[in-house]
Amino acid sequence: MLTIKDILNIYHSKIDYLDLELLISAIIGKPREFVMSHPEYRINSLKIENLKLKIARRADHEPIAYILGQKEFYGLNFRINKNTLIPRPESELLVERALDLLRSMLRSKLRNTIIIDVGTGSGNIIISIAQNLLSGRFYGIDISENALLVARQNAKLHKVSKRIKFIRGNLLEPLLKTRSTGLKDKKIIIVANLPYLAKNIYASASPDIKKYEPRLALLSGKNGLAHYEKLLIQTKKLSVVGCRLSVFMEISPEQKSALQKMIKSFFSKVKIAFHRDLSDRWRVCQIEL
Ligand SMILES: C[S@@+](CC[C@H](N)C(=O)[O-])C[C@H]1O[C@@H](n2cnc3c(N)ncnc32)[C@H](O)[C@@H]1O
């Protein structure tokens, strides 16, 4: 048996204090506030052995979210594993901007609106949107079946599994394959947090990211814009069959002007807006077609 105070004293030099508190909190099944306010609380040796393994994983750079198997996003807890990116707080801006637009629509229009999350990962974005809307037709697409397994679990956990269809596919391909007949003249809202790290940025990322998060979720060719280029080409096909489209894309701030140029090269009539994140950096590009 050791007390919380003993454990903090022994292990605080190995990993961050905050991470240590979070791991203790997970092991004893009590909130972090409890850990902070009950140094005398005694932990049995079985739990301590388990805790030691988790401390070793963290010391080896494994992100705390993977060790805990969950991450909070837009006020909800999402299951995650090594097949899914860890949801980032800056991606909440995609949810906010999409919801702003959706909430401004008439109820009757919203019912027939199609909302697609491309590169859904753990499903955090589309689930957060669906949770905040009473109607709409929701899709989550990912190229990774293993990520989709997690997204489906999360949809069940948050009681929206009947409202969201998760499909495996290359960007919008699954929808384009339906010959667009069902999509003709529809309002479609696309939210996309696709891989957008350029090779050099990925190379300088921390070991926590490079060693543990899926490369497939992060790295993109053409200075990080290859996935968005393909998405824009597919979007153009939808606009040709008469769909009205709003597309929200998460970017890295330095990609703003290159993406703007790319969009203009594909569409002659397009409204483009960029939104800043909480750190005042360009984070989301919105286009209206
Ligand atoms: C940056 S992660 C975003 C995950 C999640 N939406 C989030 O915000 O945490 C990008 C996701 O896109 C998926 N992906 C990569 N290439 C894809 C493609 N060609 N088509 C569909 N999904 C793709 C990855 O598997 C990954 O889940």
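Please read these numbers as outputs of a predicted model, since none were measured by experiment. (Residues numbered from 1 in each chain as written. Predicted model: local features only at pLDDT ≥ 70, side-chain atom pairs only at ≥ 80, totals over all residues. Heavy atoms only, no water.)

**What to know about the packing of aromatic side chains**
This is how the line gets drawn: Ring geometry is summarised as follows: Phe, Tyr and Trp rings, the Trp one being its six-membered ring, pair when their centres sit within 6.5 Å, and such pairs are stacked at plane angles under 30 degrees, edge-to-face over 60 and tilted between the two. Cation placement over rings: the criterion is NZ of Lys or CZ of Arg within 6 Å of the ring centroid and within 35° of the ring normal.
Counted under the stated rule, the structure contains four aromatic pairs. The positively charged end of Lys236 is found above the aromatic ring belonging to Phe267, 5.8 Å away from the centroid. Above the plane of the ring of Phe274 lies Lys256, whose end atom (NZ or CZ) is 5.0 Å from the centre.

**Quick look at the environment of Gln153**
Basically, it comes down to this: For the purposes of this entry, the term helix denotes a DSSP run of H or I that reaches at least four residues, the term strand denotes a run of E that reaches at least two, and both are numbered from the N terminus. Exposed residues in this analysis have more than 50% of their type's maximum accessible area, buried residues have under 20%, and partly exposed residues fall in between, with area computed by a 1.4 Å probe over protein chains only.
The residue Gln153 is located in helix H9 (residues 145-157) in this model. Among the residues examined, Gln153 registers a relative accessible area of 43% and is labelled partly exposed. For the pair formed by Gln153 and Val95, sequence separation is 58 residues and the distance between their alpha carbons is 20 Å.

**Topic: the site of the ligand**
Basically, it comes down to this: Here a residue is near a molecule or strand as soon as one of its heavy atoms is found within 4 Å of it. In protein, a polar contact requires one atom able to donate a hydrogen and another able to accept it; more generally it is a pair of N or O atoms within 3.5 Å, and residues adjacent in sequence count only if both atoms are side-chain atoms. Computed with a 1.4 Å probe, the accessible areas rest on the Shrake-Rupley method; for each residue, only the protein chains presented here act as cover. Each residue gets one of three labels, nonpolar for Ala, Val, Leu, Ile, Met, Phe, Trp, Tyr, Cys and Pro, charged for Asp, Glu, Lys and Arg, and polar for the others, Gly among them.
Near the ligand lie 18 residues; those nearest to it are Gly119, Asp142, Asn170, Leu171 and Ala217. At 2.9 Å, a side-chain N or O of Asn193 approaches an oxygen atom of the ligand. Coverage of the ligand by the protein chains reaches 97% of its 590 Å² of free accessible surface. Tallied by class, the residues present in the shell around the ligand amount to eight nonpolar, nine polar and one charged.

**Let's talk about unusual backbone geometry**
Working note: non-glycine residues mostly have negative phi, and peptide bonds are mostly trans. At Lys222, a position not held by glycine, the phi torsion is positive, near 50°. Its place among the elements puts Lys222 in helix H13 (residues 221-224). With a phi close to 65°, Asp280 is a non-glycine residue in the positive phi region. Look at Asp280 and you get exposed, because its relative accessible area is 51%.

**A short note on the side chain of Ser128**
Quick note on the threshold: Only heavy atoms matter for contacts: two residues are in contact if any of them lie within 4.5 Å across the pair.
Along the chain, Ser128 falls in helix H8 (residues 124-131). On the accessibility criterion, Ser128 (0% relative accessible area) is buried. Among all residues touching Ser128, those that are not within four sequence positions of it are Phe73, Tyr74, Leu76, Phe78 and Val95.

**Some thoughts on the pairing of strand E7 (residues 164-168)**
This is how it is decided: In short, DSSP must find at least two bridges between two strands for them to pair. A crossover gets the label right-handed when its path from the first strand over the helix to the second runs clockwise, viewed with the strands pointing away from the viewer.
Pairing analysis gives five bridges linking strand E6 (residues 137-142) to E7, with the strands arranged parallel. Residue pairing across strands places Asp142 opposite Arg168, the latter belonging to E7. Handedness of the crossover joining E6 and E7 through H9 is recorded here as right-handed.

**Some details on the sheet that holds strand E11 (residues 282-288)**
Selection criterion: Interaxial angle, 0 to 180 degrees, is taken between N-to-C directions of lines fitted to C-alpha atoms, where a helix line uses only the stretch in contact.
Overall, mixed pairing links the seven strands, which are arranged E7-E6-E5-E8-E9-E11-E10 in an open sheet. Each edge of the open sheet carries a strand with a single partner, namely E7 and strand E10 (271-276). Pairs of neighbouring strands in the sheet enclose a mean axial angle of 15°, with direction left out of account. Across six bridges, strand E8 (residues 187-192) lies against strand E9 (residues 244-250) in parallel orientation. For Lys187, the partnering residue across the bridge sits in E9 and is Arg244.

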